[in-house]
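Chain by chain, the residues run as shown.
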Amino acid sequence: MNPYVYMILLSSLGIGTTLTFASSHWLLAWMGLEINTMAIIPLMAQQHHPRATEAATKYFLTQATAAAMILFASTTNAWITGDWNIPQTSHPATTSLLTLALALKIGLAPMHFWLPEVLQGLNLTTGLILSTWQKLAPFILIYQIAPNTNPTILMSMGILSTLIGGWGGLNQTQLRKILAYSSIAHLGWMIIILHFMPALTLLNLTIYIIMTSTMFLSLKNLSATKINSLAITWPKTPTLMVLTMLSLLSLGGLPPLTGFMPKWLILQELTKQNLPITATIMAMSALLSLFFYLRLCYSSTLTTFPNTNNTTTSWHKKTTQTTMPLTIMTILTLMLLPTTPIITTMMA
């Protein structure tokens, strides 16, 4: 793709999200979401491959449906209450419809069916944008209308997302699909606590973006898209494979890694809110996700591809990719847990 066109598309992604962030009027927020959608579709279809075209088409149709629902619900809200202001959206029917439309935008269960299929058809760079940046604008809108939304809807979607994200990833061999189900499960953790402690949702979103970026950048560096291709990378880049394995365990939420922090704080808050059964279900569903992360760890670092040559592959080309973003993200993914007391003090 022409670098100027690429730069314009990336700038449009930034402008769309910023517009949604800055708007308090539903029409402006809707425009920001539309700019976002229009900017990422050429990035999706740039490979000129049938899978990429199919992914771009599926993405366009789901996002167009969600955008129409948002427009319909916000117009209905203005018609009933006479107010276009986002935080003042108060009618129960319109807030429920808006929450469902925004859930479809980001791929929350039960509106998650498009996400694994779309992500599977993209390259890792576009997959990274879709899994991180594209979640921000709709999530901020959900965050703004959450105080007026029925908490039962949010909690049902949260529990369903964590369970589906856990079950769906169990039988996958494609790394992008595994990351898609991981994304669904993490979104469930964010949405379940939104009504009780919104600051914790934003913390979880930030940590999710850091951890997912680490995984996508690692896989891009290794040029790996299937579990099989992970098995042969250990002899080539053992250090990166160890860090990738630790990042996977962080995604699974194991202490003493960063990923443990949001899960720990969310379970603590759910218990404080007198919801022990919900907290137990969430903790059990985290074990499902942990199983497929451990499966990836096993195939990538604990099994070595059979070969008789024990020397380093001198013919292996040096990588030309920038590794600084990956280095920063990996450090954050592995070492933020000791900052928990500072973060909890800031959120209090």
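This structure is a prediction, so every number in the text was calculated from the model and none was measured. (Residues numbered from 1 in each chain as written. Predicted model: local features only at pLDDT ≥ 70, side-chain atom pairs only at ≥ 80, totals over all residues. Heavy atoms only, no water.)

A. Representation of a nonpolar patch on the surface in the model. Judged by side-chain polarity, Leu27, Leu28 and Met31 come together as a nonpolar surface patch covering roughly 220 Å² of accessible area. When you line up the elements, methionine 31 lands in helix H2 (residues 26-45). Under the relative-accessibility criterion, methionine 31 is labelled partly exposed at 40%. (Patch = residues over 30% accessible without salt bridge, like charges linked within 9 Å, V, L, I, M, F, W, Y side chains within 5 Å. Areas by Shrake-Rupley, 256 points an atom, 1.4 Å probe, with all protein chains shown as cover. Salt bridge = Lys/Arg side-chain N within 4 Å of Asp/Glu carboxyl O. Helix = DSSP H or I, 4+ residues; strand = E, 2+ residues; numbered from the N terminus. Buried < 20%, exposed > 50% of the residue type's maximum accessible area, 1.4 Å probe, protein only.)

B. Examining unusual backbone geometry more closely. Residue alanine 109 is joined to proline 110 through a cis peptide bond whose omega torsion reads 5°. Locating proline 110 in the fold gives a position in the loop between helix H4 (92-106) and helix H5 (114-120). Here the bond from proline 255 into proline 256 is cis, since omega is 5°, no more than 30 degrees from zero. Along the polypeptide, proline 256 turns up in the loop between helix H12 (238-252) and helix H13 (260-272). Look at asparagine 274: it is not a glycine, yet its phi comes out positive at around 65°. As for its placement among the helices and strands, asparagine 274 is situated in the loop between H13 and helix H14 (276-302). Residue asparagine 274 is classed as exposed on the basis of its relative accessible area, which comes to 64%.

C. A look at the UniProt feature "domain: NADH:quinone oxidoreductase/Mrp antiporter transmembrane" (unreviewed entry) in the chain. Mapped onto this numbering, the UniProt entry annotates "domain: NADH:quinone oxidoreductase/Mrp antiporter transmembrane" (unreviewed entry) at residues 23-288. Helix and strand shares over residues 23-288 are 76% and 0% respectively, and the end C-alpha atoms of the span are 38 Å apart. (UniProt positions renumbered as here; feature names shortened; annotations may be inferred.)

D. Just the packing of aromatic side chains, in detail. Throughout the structure, instances matching the rule amount to 3 aromatic pairs. Between the aromatic rings of phenylalanine 292 and tyrosine 293, the centroid separation amounts to 4.9 Å while the plane-to-plane angle is 55°, which identifies the pairing as tilted. Of the two residues, phenylalanine 292 and tyrosine 293, neither departs from the other in class, the shared state being buried. Lying across the ring of tryptophan 189, lysine 263 places its NZ or CZ 5.2 Å from the centre. (Phe/Tyr/Trp six-rings, centres within 6.5 Å; stacked < 30°, edge-to-face > 60°. Lys NZ or Arg CZ within 6 Å of the ring centre and 35° of its normal.)

E. Broad picture of the packing of helix H6 (residues 124-131) against helix H7 (residues 133-145). Put simply, H6 and H7 touch, their axes get as near as 3 Å, and they point 15° apart. With respect to H7, the axis of H6 lies roughly parallel. Packed against H6, whose contacting residues are Leu128, Ile129, Leu130 and Ser131, the element H7 presents Trp133, Gln134 and Lys135 at the interface. A per-class count over the contact of H6 with H7 returns 4 nonpolar, 2 polar and 1 charged. (Axes fitted to C-alpha atoms, helices over the stretch in contact; angles between N-to-C directions. Parallel < 35°, antiparallel > 145°, perpendicular 65-115°, else oblique. Contact = heavy atoms within 4.5 Å. Nonpolar A, V, L, I, M, F, W, Y, C, P; charged D, E, K, R; others polar.)

F. H13, seen in detail. Here H13 contains 13 residues, and its C-alpha end-to-end distance of 18 Å stays within 8% of the 18 Å for a straight helix at 1.5 Å per residue. The complete set of buried residues in H13 reads Met261, Pro262, Lys263, Leu265, Ile266, Glu269 and Leu270. Against the buried residues of H13 lie helix H9 (175-192), helix H10 (198-222), H12, H14 and helix H16 (340-347). In the segment just after H13, asparagine 274 is the residue with positive phi, at about 65°. (Expected span 1.5 Å × (residues − 1).)

G. Representation of helix H1 (residues 3-22). Between its terminal C-alpha atoms H1 stretches 28 Å, which fits the 28 Å expected from 20 residues at 1.5 Å a residue. Turning to H1, its buried residues are Leu9, Leu13, Gly16, Thr17 and Thr20. Along the axis of H1, the buried positions cluster into a sector of 90°, meaning they face one direction only. H1 presents Pro3, Tyr4, Met7, Ile8, Ile15 and Ala22 as exposed residues on the side facing more than 90 degrees away from its buried surface. Those residues of H1 that are buried lie in contact with H2, H6 and H7. Between the side-chain oxygen of the N-cap and the backbone nitrogen of tyrosine 4 there are 2.8 Å, and the N-cap of H1 in question is asparagine 2. (Arc of directions from axis to C-beta. Polar contact = N/O pair within 3.5 Å; in protein donor to acceptor, adjacent residues only side chain to side chain.)

H. Main features of empty space enclosed by the protein. Per the counting criterion, the structure on display carries 4 cavities of 30 Å³ or more. Of the volumes computed, that of the largest cavity is approximately 90 Å³. Taken together, Leu33, Asn36, Thr37, Tyr59, Gln63, Lys105, Ile106, Trp114, Leu130, Gln134, Lys135 and Pro138 make up the lining of the largest cavity. Mapped onto the lining of the largest cavity, the elements with two or more residues apiece are H2, helix H3 (50-81), H4 and H7. Residues of the lining of the largest cavity, tallied by class, amount to 6 nonpolar, 4 polar and 2 charged. The computed volume of the second largest cavity comes to approximately 60 Å³. Taken together, Ala185, His186, Trp189, Leu251, Gly252, Lys263, Ala286, Ser289 and Tyr293 make up the full set of residues lining the second largest cavity. Of the residues in the lining of the second largest cavity, the class split is 5 nonpolar, 3 polar and 1 charged. (1 Å grid on protein atoms, 1.4 Å probe; cavity = no way out; pocket = protein on both sides within 12 Å on 5 of 7 lines; lining within 4 Å. Points joined across faces, edges and corners; volume = space filled by probe spheres on them.)

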